[in-house]
Amino acid sequence: MKYVILLILAALVIRYLFKKPKAPKATKPVAEVLRQDPVCGVYVQEHKELSLSTGSGRVYFCSKECMNRFKERTPS
Ligand SMILES: [Zn+2]
């Protein structure tokens, strides 16, 4: 059984190597980047004005209300 797994892995690796397109780095379409609002749980698009940088990274909010609530919750 070990060999079967190894063969499958090898096949996957080979496939990956040959399939990999040598295209220039595509920039992520902004519209598809969704962040979860930590206050109400809604998924929102990244918006600089409705975001805060925290110790564990940047968080995004659906509204200023949520941002303010988050600020109240986590005094820093
Ligand atoms: Zn919200």
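Reading guide: rules and limits
- Numbers given for residues are sequential positions, taken from 1 along each chain in its written order.
- Local features in a predicted model are, by the rule used here, given only for residues with pLDDT of at least 70; side-chain atom pairs are given and counted only at 80 or more, and totals for whole chains, interfaces and linings are based on all residues.
- The numbering of helices and of strands both runs from the N terminus, where a helix is a DSSP run of H or I of at least 4 residues and a strand a run of E of at least 2.
- Put plainly, a residue is buried at 20 or more neighbouring C-beta atoms within 10 Å of its own, exposed at 12 or fewer, and partly exposed in between, counting only other residues' C-beta atoms, which are placed from the backbone.
- C-beta atoms are placed from the backbone for every residue, and two residues are taken to be in contact when these atoms lie within 7 Å.
- By the convention used here, strands pair only if DSSP detects at least 2 bridges between them.
- Expected span of a helix, by definition, is 1.5 Å for each gap between consecutive residues, and there is one gap fewer than residues.
- For every residue, the predictor assigns a confidence score, pLDDT, that lies between 0 and 100.

Caption draft 1: Representation of the overall build of the protein chain. Of the regular secondary structure elements, the protein chain holds two helices and four strands. Each helix and strand of the protein chain, ordered N terminal to C terminal, gives the series α-β-β-β-β-α. Evaluated residue by residue, the protein chain yields a buried proportion of 4% over its 76 residues. Contacts spanning at least 24 positions in sequence make up 20% of the contacts within the protein chain whose residues lie at least 6 apart.

Caption draft 2: View of the environment of Tyr43. Within the secondary structure, Tyr43 sits in strand β2 (residues 43–45). Overall, the presence of 10 C-beta atoms within 10 Å leaves Tyr43 in the exposed class. In this structure the C-alpha to C-alpha distance between Tyr43 and Cys62, which are 19 residues apart in sequence, comes to 7.7 Å. Leave out the neighbours within four places in its chain, and Tyr43 touches Leu34, Arg35 and Gln36.

Caption draft 3: Summary view of the pairing of strand β3 (residues 51–54). Summarising the sheet, β3 and strand β4 (residues 57–60) pair through four bridges and their orientation is antiparallel. Looking across to β4, one finds that Leu52 is bridged to Val59. Following β3, the chain reverses through two residues before pairing antiparallel with β4.

Caption draft 4: Highlighting helix α1 (residues 2–19). The end-to-end C-alpha distance of α1 is 26 Å, a good match for the 26 Å that 18 residues give at a rise of 1.5 Å each. Burial analysis of α1 places just zero of its 18 residues in the buried class, which makes it a mostly uncovered element.

Caption draft 5: Structural detail: the environment of Gln45. One can find Gln45 in strand β2. C-alpha of Gln45 to C-alpha of Leu34: the two residues are eleven residues apart in sequence and 4.8 Å apart in space.

Caption draft 6: Broad picture of the confidence of the model for the protein chain. Confidence in the prediction of the protein chain, expressed as mean pLDDT, is 86, and 88% of residues score 70 or more. Of all the helices and strands in the protein chain, α1 carries the lowest mean pLDDT, 88, while helix α2 (residues 64–73) carries the highest, 94.

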